[in-house]
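Summary of the model geometry
Read off the chains here:
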Amino acid sequence: MGRALALPGANPALRNEPKLTVRKGPYTYTVETHEDQSTYSVSDGTRTITVPIHWYFGAGAQTWVLERDGHRYESAVSYYPSIPGLDFTTGDEDLKPRNLDEAIGREIGMPETRVCFGCHASTAVNKGKMTFESLRPGVTCEHCHAGTNTHLADSINDDFDSAPPDLRKRSSEDISNFCGQCHRSWETVVRNHWRGELTVRFQPYRLANSKCFDGGDPRISCIACHDPHVDVVRQDSSYDAKCLACHSPASTAASSAAIVSSISPPHAKSCPTAQSDCVSCHMPKVKLPNGHLTFTDHQIRIVKPGEPFPN
Amino acid sequence: MFVVDAVNTGMETVYGRRLGIRGKRHSAFSFTLLILAFTILVFFSRVCSAQANPASFSDVAAKAAAARDANDVPSAIELYQQALKLNSQWSDGWWFLGSLQYSVGDYAAASNALTHYLELTPNAAPALAVRGLCEFENAEYGKSLSDIQRALALGAANQPHNEKILRYHEALLLTRTGRFEDALRSYAFFTHENDANPELLLAIGLAGLRTPLLPKELKADQQELYMNAGNAAFDFMKGDKEAAHLEFQHLFQRVPPVPNAHYLYGFLLYASDPDEAVIEFEKEREANPSNTAAEVMLAWIPLLQNDGSEALPYAQKAAAEDPTLPSAQLVLGRALSETGDTKNGIEHLEKTAQLQPDNLEVHLALAKAYSKSGRKEDARRERLLCLEMTKNDTAPATHP
């Protein structure tokens, strides 16, 4: 999360791919990088628009927020390491630009700018206002633990009273909503009528759709499985203990008893098939329709062969 | 077919009067197609087999169909009534009778016939839609809204023209029943085609200025004010925010001040610019301290920003001012739940759910509150209900 937003000069992917080009309909997109400065161009064959890239969103796949004539745009194409190369930005595949000026990307107003920078940077939004001056790229301590900077300053003077609240004390539902501020909460997805495979990106929404989700049970919170301070662990077996905390007769044993809340059932049904690599079956990997990004579906379930993607 | 022509005329009457659509005959054709398709389906379906006197019933039913084909509406109505006396389980007969009665403006009788039809054929979207329109004409606004919304959910808006008719009536009814914000959301549908006309603007103005009336119920000397408010809201919703800003400034300068004018502007602004919206809601409260709806919005904005503590004082004030206002109970329930008092929060939310069972926001809040308090099954039930309520809302509200 620390690399959710980068500034020019800190972009190894584009440094290694100094010239990227893709043709989409009548338009040709080019991203060129010289001496750590990248430019984004779109051409219709007779005219070309070129803008410098100031904001690089994403640590793997990259999308750029572009500025032109006082307006901001989400770049129409993004860089996907899986290709590796350029293709339409996820979610923008259906845009139909009417001219070269529109082909640069999707214009984003101030509310959406606040959302983009509010999640991909820290201290970018203060009391609802976008403040580029205070922005720090990526997700820093202050992003989740508001007041951390003050606390650090106070601690130099042996004053520890300003410590930010301990997020671990929140309920699983609250933690889902907290993480969902960026990863999209259940109600955000429902309220916005987002449906289909694109929602696999919104883990709190998918998790809450799981039959086993219990907002009062700490064994199913985001932080029960993920440590937000380190990179996400991608080895399926590493999550087995988290699943077995509920889905094993042994879950009543000492190892998990400590975290089993009195309001939660001691354990759920155990799997008749296996006791390892649980997520490989019950949390399938789903490719987005563009085929360039794969996410783990957090809607935990018994997956039946050939079943449609459950909303 | 006569039934189609007759129904067509009826739809033109309703829709033409409400929306002032140009080229009514052509545009009414699509709704006609819906009824035609449905009629053909009914025509080819089997006539009920259980008949006390098959020969007599068949004879009357055949005569009724012939009269209908001959455009002899009064005779056809009488013959269908006779046939249905012989066989009240003849669902097709009730549909034809209801359609014919609707076409001649006998809305009470049409509604009654369609009720019989729906008892025999539940979930028939066209019948629900036409019955809803009958109930609208009969001033049975609650029933009408319920039928039209059910018809929409069942796919009655299968043609653009049908959708216009039903959405427009839905919005009128939402306004008439005091659900002004929902009405404005419904009116947003009409901004896509930029098809404004004075009656539509007047209707939007009524919703915007929170006046639970139909356009025909408004006094003539008030129409200009409401039309101006509707025009400002329409321009905002279609994306011309500069024009809307100027029109709202003119509205704000009127003497005496227009109740709910700042509220309307704030409501339109809050999705894109919550800070500006807060200013407008505060101005509304200054001008009209008893405007509880503005106080509700002052609570709602921080709630959407996950700031229950900021929302709670506004929510408490709103609920104290007007305990019967469902939205005040909603914000209070949600604010309490999000600041740790889940038990009381749920109580307020459940009360709101009883008052407004089809309000999505209430069920979203209940799902969250139940989940927080460990009521897993209740939370799941509410979540499934929310997904069911939104399953036909296919167009994303914002870019994902």
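Computed from a prediction, not measured in an experiment: that's the story for all the values here. (Residues numbered from 1 in each chain as written. Chains lettered and ligands numbered in written order. Predicted model: local features only at pLDDT ≥ 70, side-chain atom pairs only at ≥ 80, totals over all residues.)

Our focus in this paragraph is the overall build of chain B. The number of helices and strands found in chain B is 21 helices and 0 strands. Within chain B, the proportion of its 400 residues that are buried is 50%. (Helix = DSSP H or I, 4+ residues; strand = E, 2+ residues; numbered from the N terminus. Buried ≥ 20, exposed ≤ 12 C-beta atoms within 10 Å, placed from the backbone.)

Moving on to the overall build of chain A. Secondary structure summary: chain A contains 12 helices and 17 strands in total. Dimensions of chain A along its principal axes, counting C-alpha atoms only, are 70 × 60 × 35 Å. In chain A, which comprises 311 residues, the proportion classed as buried is 29%. For chain A, restricting intrachain contacts to residue pairs at least 6 apart in sequence, the fraction spanning at least 24 positions comes to 45%. (Contact = placed C-beta atoms within 7 Å.)

All names here are of chain B. At a minimum axis separation of 8 Å, helix H16 (residues 292-304) and helix H17 (residues 308-321) run at an interaxial angle of 160°. Taken together, the axes of H16 and H17 are roughly antiparallel relative to one another. Between H16 and H17 lies a crossing whose hand is left-handed. Residues Thr292, Glu295, Val296, Leu298, Ala299, Pro302 and Leu303 of H16 form the contact with H17, whose own contacting residues are Gly308, Glu310, Ala311, Tyr314, Ala315, Lys317, Ala318 and Glu321. Classifying every residue of the contact of H16 with H17 gives 9 nonpolar, 2 polar and 4 charged. (Axes fitted to C-alpha atoms, helices over the stretch in contact; angles between N-to-C directions. Parallel < 35°, antiparallel > 145°, perpendicular 65-115°, else oblique. Left-handed = near helix turned anticlockwise from the far one by under 90°. Nonpolar A, V, L, I, M, F, W, Y, C, P; charged D, E, K, R; others polar.)

This part covers the interface of chain B and chain A. Taken together, the contact pairs 25 residues of chain B with 24 residues of chain A. Per element, the largest residue contribution to the side of chain B that touches chain A is 5 residues, and it comes from helix H21 (residues 376-389) of chain B. Residues that form the side of chain B that touches chain A fall into these classes: 9 nonpolar, 9 polar and 7 charged.

Residues of chain A with pLDDT of at least 70 account for 94%, and the chain-wide mean is 89. Note on residues 252-264 of chain A: pLDDT under 50 across the span, and 17 contacts to partners over four residues away in sequence or across chains. (pLDDT = per-residue confidence, 0-100.)

Time to look at the sheet that holds strand E4 (residues 37-43) of chain A. Residue and element names in this part refer to chain A. With respect to topology, 4 strands assemble into an open sheet ordered E2-E3-E4-E5, the strand pairing being antiparallel. One side of each edge strand has no neighbouring strand; the edge strands of this open sheet are strand E2 (19-24) and strand E5 (48-52). Averaged over all adjacent pairs, the angle separating strand axes in this sheet is 15°, with direction ignored. Examined bridge by bridge, E4 and E5 share 5 bridges and lie antiparallel to one another. Note on E5: the bridge partner recorded for Thr39 is Pro52. (Pairing = 2+ DSSP bridges.)

On to the domain arrangement of chain B. Residues and elements named next belong to chain B. Each assigned domain of chain B is listed here: domain 1 (1-177), domain 2 (178-289) and domain 3 (292-392). Contacts between the two partners involve 11 residues from domain 1 and, on the opposite side, 17 residues from domain 2. Looking at which element gives the most residues to the side of domain 1 that touches domain 2, the answer is helix H9 (residues 160-176), with 7 residues. Tallied by class, residues from the side of domain 1 that touches domain 2 come to 4 nonpolar, 3 polar and 4 charged. (Domains from an automatic or database assignment.)

Moving on: helix H10 (residues 180-187) of chain B. Residues and elements named next belong to chain B. Most of H10 sits inside the fold, with 6 of its 8 residues counted as buried. Within H10, the full set of buried residues consists of Phe180, Asp182, Ala183, Leu184, Ser186 and Tyr187. On its buried face, H10 sits against H9, helix H11 (198-208), helix H12 (223-237) and helix H14 (261-269).

All names here are of chain B. As for its position among the elements, Ser111 is in helix H6 (residues 107-120). Measuring from C-alpha to C-alpha, the distance between Ser111 and Ala67 comes to 21 Å, with 44 residues separating the pair along the chain. Contact partners of Ser111, with chain neighbours within four places excluded, come to Arg131, Cys134, Glu135 and Asn138.

The next thing to look at is the sheet that holds strand E6 (residues 55-57) of chain A. All names here are of chain A. An order of E1-E6-E7-E8-E11 is seen for the 5 strands of this open sheet, with the pairing classed as antiparallel. The sheet is open, and its two edges are formed by strand E1 (5-6) and strand E11 (105-108), each paired on a single side. Bridging between E1 and E6 involves 2 bridges; their strand directions are antiparallel. Bridge pairing links Leu5 to Phe57 in E6. Strands E1, E6, strand E7 (63-68), strand E8 (71-75) and E11 of the sheet are contacted by helix H3 (residues 110-120), whose axis makes an angle of about 100° with E11.

Moving on to the nonpolar core. Counting 123 residues, the largest nonpolar core has Ala233, Ala299, Ala315 and Val331 of chain B as the members making the most contacts within it. Here this core gets 9 residues from one element, more than from any other, and that element is H16 of chain B. Listed in part, the 28 residues of the second largest apolar core include Leu14, Ile53, Leu66 and Ala124 of chain A. (Core = buried A, V, L, I, M, F, W, Y, C linked by C-beta atoms within 7 Å.)

On a regular strand, one side chain projects to one face of the sheet and the next to the other, so that they alternate. All names here are of chain A. Here E4 shows a clear split, with Ser38, Tyr40 and Val42 buried on one side and none of Gln37, Thr39, Ser41 and Ser43 buried on the other. As defined by bridge partners, strand E3 (residues 27-34) adjoins E4 across 7 bridges and the pair is classed as antiparallel. Bridged to Thr28 within E4 is Ser43. Linking E3 back to E4 in an antiparallel pair, the connection comprises 2 residues, with Glu35 at a positive phi of about 50°. Between E4 and E5, which pair antiparallel one after the other, the connecting turn spans 4 residues, and Gly45 there sits at a positive phi close to 100°.

Residue and element names in this part refer to chain B. At a minimum axis separation of 9 Å, H9 and H11 run at an interaxial angle of 35°. Seen along the crossing, H9 lies across H11 with a hand that is left-handed. Of the residues in H11, those in contact with Ala171, Leu172 and Thr175 of H9 are Ala203, Leu206 and Ala207. Of the residues belonging to the contact of H9 with H11, the class tally is 5 nonpolar, 1 polar and no charged.

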